[in-house]
Every structure is written in C-alpha cells, then in structure tokens.
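Residue-level listing of the chains:
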Amino acid sequence: MKKILITGGAGFIGSHVVRLFVKSYPDYEIINLDKLTYAGNLLNLTDIEQYPNYRFIKGDITDTGFINELFQVENPDAVIHLAAESHVDRSISNPMEFVMTNVIGTVSLLNAAKECWKGNYQDHRFYHVSTDEVYGALGETGMFTEHTAYDPHSPYSASKASSDHFVRAYHDTYGLNVVISNCSNNYGSHHFPEKLIPLAINNIKNNKPVPVYGKGENVRDWLWVEDHARAIDTIFHKANAGDTYNIGGHNEWKNIDLIQLLCGIMDEKLGRKDGESAALITYVTDRAGHDLRYAIDSAKLQDNLGWVPSLQFEEGLRKTVDWYLENQEWLENVTSGHYQDYYKQQYEYH
Ligand code: NAD
C-alpha cells in the first residue's frame, strides 16, 4: 500500500491527476490536500469522492505547523505537489500571494518531508509540478530543453522558478528524492474560466466580447490536460531521483489562430452562422511583460520513458467545448461571486 499526498488536487490539473491515480491504483491511498481557493473546487471530483482509496483534507501549504503535523500523522510515502497560485494576470496585480503559496508553501512541504522521511529518503519521493514559463521567452525559432537556463519574466514564473530551485537544492543539499517536470499550457475540462480557452468558450456562448491580448501574436504550446496527468503518472513511477522532464504537445499556436479555430467550432456546436462567434473577438491592451513564444522539447520524456501525447488538438478542443456546454452548472458555480468582480477589473476593452 502506497500513501500519496497530492497537493492542489481540487484545481484544474490536480483534479485530473487525483482522478487518474484513484482509478488506476486502487491499492494506493490518495490524500488530496487543498486550501480550496477560488481556483479549487470539490465539484471537480464528485465522480471519485466515494472511492475507498480517496480522502480530502482541507489545509494551507503555507501553514508550517499544520503541514509538519500532517506529515507526522499521515506519514505519506510520496508527495505530488501541484498546489499553487497559477494565473499570470493575478500575479501581476498581487505578486506577494504568489511568493507565499508558490515559494513559501513549497519550502514548507519540503521541510516537512525532509524531517518526516529522515534516514530513508530513497524510499520516498517528492514530485514537484512546474511550468515551462520558468525558461522565459523564445524568438521565432528554438525550443526549451531541460538544459535551457531559467529566465522568468512574470511574478508567476519567477515564483515557480524559485520553487524549482528550492526543490533541486533539497536534493543536492539533503539528498531528498525529488523529481521536477515543466509542462506547457494545458487545456481541457474543469479549467477555471479566467484562462484563455475556457474564458473564450464561456464568452462566446454568452455573446460577450472575447478578449485577445495585443494583436494575438503570442505563441503557446498546448497539451490536453489528461495527457499531462498521464505524463505525471509515468514520471512519478519511472524517473530517477533528481531528474527533470519537460512535457509538451509539440503543438504551437498563435493565440489569434487558436481563438479563430475555437470560434469555428463554437459556430458549429451552437448552430450559428459562419463567422458569428469570430465577430466577438476584441483586442485588449497587452499583458505587461507578455512573453512572445514558448515551445517545449519533450524528446527526453518520449525517448526515455515512452510517453506520447494521445490527442490531436482539434479533437481535444471539440471535447473541451462539449464538456463546457454540457456542464453549465459547474460553470455557473465557479463564475458567481468574486469571479464577476475580478472579471470587471481585468480587461480594458478598446
Ligand atoms: P489551479 O489554479 O487550477 O489549481 C491550484 C490548486 O491549488 C487549487 O485547487 C487551489 O485551491 C490550490 N491551492 C492554492 N493555494 C493553496 C495553498 N496555499 N494551500 C493548499 N492548496 C492551495 O492550477 P492548475 O492550472 O491546476 O496548476 C497546477 C500546477 O501545475 C501548478 O503548480 C502550476 O504552476 C502547474 N502548471 C500549470 C499549467 C497550466 O497550463 N495550467 C501548466 C504547467 C504547469
């Protein structure tokens, strides 16, 4: 029996990881530790909440007293750490919250693991889930590899880069068995509608302007969230201590091209005339320090551990649109209250 503490399991990617582990490994005990911020929602996990190998604990990773006690009481065999503040725009308006959760929260977990697992680090694993944004921006060509130097530009990516450095330092200094993965942009079901794809789906459906930063020229690599969860499963079980893996879809899209594709799918799904959804596209003042292009080389993961993305992008987008159209109650639940206030301040239309 393996006991795995998954942090941030009520969030977008975390809920897919929890679901995959709970269903794939009935002999593992999965503990989901989450503070349930605006981005965390137990509605993401209603299908597995009754499974006997699943448990939820509400708690804050920055609360060191609570985290130390949790490790003493539960003594987990491994941690998969996803809890974070994750939205770049929010990090620009409130960087301190990102330092607290992403840096202090990660160190709080590392410290508790170091004390709890002392004398037997090789049989325990601390898996830290991170982003390709730590590598900074690319020009028109090239890709991030595991050897690319860190060059974060936003408070979000700076906080994630810092947490990555701390995780490596606990391996190099204390010998903790750590693994890190850096993944490109995810898309799929249960994604909070402040991020590009779910925001666009929700706005198109409600006939509201679809905000696109600058001229929509920024390029991102997109990966189906369930493929990310599978990659985490593979790396968690197969990587060597101290390893880093890049995860990506080899699927680069300019924001404006992606939105155009999505608008076409929405026209079809909603029975609208061609171009009706695209007419909602509205260019808004660019994000400060907006990185031009990210592209990630996941050859190491594919060659060494045999992981490959399973889904072609347009098929994944169609599945995502279907999920949002079929899960109106979820959408209404997460877009009530604070979301409305946040949304009003965020976009300066012109
Ligand atoms: P998310 O914002 O959807 O979920 C984050 C979760 O962490 C939420 O459930 C929230 O309640 C929880 N949380 C926040 N602060 C906490 C605290 N102090 N204590 C306990 N729980 C707390 O984020 P996501 O998009 O699912 O990202 C998960 C992880 O993957 C993050 O570490 C992020 O940096 C990384 N990542 C995300 C992407 C992406 O495209 N979304 C890509 C690469 C890496």
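Procedures and definitions
Residues numbered from 1 in each chain as written. Predicted model: local features only at pLDDT ≥ 70, side-chain atom pairs only at ≥ 80, totals over all residues. Pairing = 2+ DSSP bridges. Helix = DSSP H or I, 4+ residues; strand = E, 2+ residues; numbered from the N terminus. Right-handed = clockwise from strand over helix to strand, strands pointing away. Buried ≥ 20, exposed ≤ 12 C-beta atoms within 10 Å, placed from the backbone. Near = placed C-beta within 6 Å. Nonpolar A, V, L, I, M, F, W, Y, C, P; charged D, E, K, R; others polar. Domains from an automatic or database assignment. Core = buried A, V, L, I, M, F, W, Y, C linked by C-beta atoms within 7 Å. Contact = placed C-beta atoms within 7 Å. Axes fitted to C-alpha atoms, helices over the stretch in contact; angles between N-to-C directions. Parallel < 35°, antiparallel > 145°, perpendicular 65-115°, else oblique. Left-handed = near helix turned anticlockwise from the far one by under 90°.

A. The pairing of strand E1 (residues 2-7), seen in detail. Sheet topology places E1 next to strand E2 (residues 28-34); six bridges connect them, and they run parallel. Each residue of the ladder has a partner; that of leucine 5, found in E2, is isoleucine 31. As a crossover connection, the stretch from E1 through helix H1 (residues 12-24) into E2 is right-handed. As paired strands, E1 and strand E4 (residues 78-81) are joined by four bridges and run parallel to one another. Along E4, the bridge assignment pairs threonine 7 with histidine 81.

B. Up close: unusual backbone geometry. Even without glycine at this site, histidine 190 takes up a positive phi of about 65 degrees. One can find histidine 190 in the loop between strand E7 (185-187) and helix H6 (196-205). Given 23 C-beta atoms within a 10 Å radius, histidine 190 is considered buried. With a phi close to 45 degrees, histidine 250 is a non-glycine residue in the positive phi region. Relative to the helices and strands, histidine 250 is located in the loop between strand E10 (244-247) and strand E11 (252-254). With 16 C-beta atoms counted inside 10 Å, the residue histidine 250 sits in the partly exposed group.

C. Broad picture of the site of the ligand. In the vicinity of the ligand there are 31 residues, among which Gly8, Gly11, Ala39, Gly40 and Ala84 approach most closely. Those elements that place two or more of their residues in the shell around the ligand are H1, helix H4 (95-116), strand E5 (125-131) and E7. Grouping the constituent residues of the shell around the ligand by class yields twelve nonpolar, 14 polar and five charged.

D. Region of the structure containing the domain arrangement of the protein chain. Looking at the protein chain, the domain boundaries give domain 1 (2-187 + 222-247) and domain 2 (196-219 + 255-291 + 314-346). Its C-alpha centre places domain 1 at a distance of 27 Å from the equivalent point of domain 2. Ranked by residue count, the leading element in the side of domain 1 that touches domain 2 is helix H3 (residues 88-93), at three residues. Here the side of domain 1 that touches domain 2 is built from residues that sort into seven nonpolar, four polar and one charged.

E. Up close: the nonpolar core. One finds Ile6, Val17, Ile80, Ala113, Ala200 and Leu262 to be the most contacted residues of the largest nonpolar core, which totals 70 residues. Two domains each put at least three residues into this core: domain 1 (2-187 + 222-247) and domain 2 (196-219 + 255-291 + 314-346). Setting aside its immediate chain neighbours within four residues, alanine 113 contacts Phe71, Val79, Phe126 and Leu176.

F. Focus on the environment of tyrosine 54. Assignment of secondary structure puts tyrosine 54 in strand E3 (residues 54-58). A C-alpha to C-alpha distance of 7.6 Å links tyrosine 54 and asparagine 32, two positions 22 residues apart in sequence. Beyond its immediate stretch of four places on either side in the chain, tyrosine 54 contacts Val22, Ile30, Ile48 and Glu49.

G. Spotlight on the sheet that holds strand E9 (residues 219-224). With mixed pairing, three strands are arranged side by side in an open sheet as E7-E9-E11. Strands at the two margins of the open sheet, each flanked by one partner only, are E7 and E11. For this sheet, the mean inter-axis angle between neighbouring strands, taken without regard to orientation, is 50 degrees. Alignment of E9 against E11, held across three bridges, turns out to be antiparallel. Bridging from a neighbouring strand, aspartate 221 pairs with glutamate 252 of E11.

H. Main features of the sheet that holds E10. Taken together, seven strands build an open sheet; the order of strands is E3-E2-E1-E4-E5-E6-E10 and the sheet is parallel. Single-partner strands in this sheet number two, and they are E3 and E10. Pairwise comparison of adjacent strand axes, ignoring direction, gives a mean angle of 20 degrees for this sheet. Contacting E1, E2, E3 and E4, H1 runs over the sheet at an angle of about 165 degrees to E2.

I. Representation of the environment of aspartate 227 in the model. Here aspartate 227 shows up in helix H7 (residues 225-238). Aspartate 227 gets classed as buried once you count the C-beta atoms within 10 Å, which come to 22. Separated by 20 residues in sequence, aspartate 227 and isoleucine 247 have C-alpha atoms that sit 9.3 Å apart. With near-sequence residues (within four places) excluded, aspartate 227 lies in contact with Pro309, Ser310 and Leu311.

J. Structural context of the packing of H6 against helix H8 (residues 255-270). At their nearest, the axes of H6 and H8 sit 10 Å apart, and the two run at 40 degrees to each other. With respect to H8, the element H6 is oriented oblique. Between H6 and H8 lies a crossing whose hand is right-handed. Side by side, H6 and H8 meet where Leu196, Ile197, Ala200, Ile201, Ile204 and Lys205 of the first sit next to Asn255, Ile259, Leu262, Cys263, Met266 and Leu270 of the second. Classifying every residue of the contact of H6 with H8 gives ten nonpolar, one polar and one charged.

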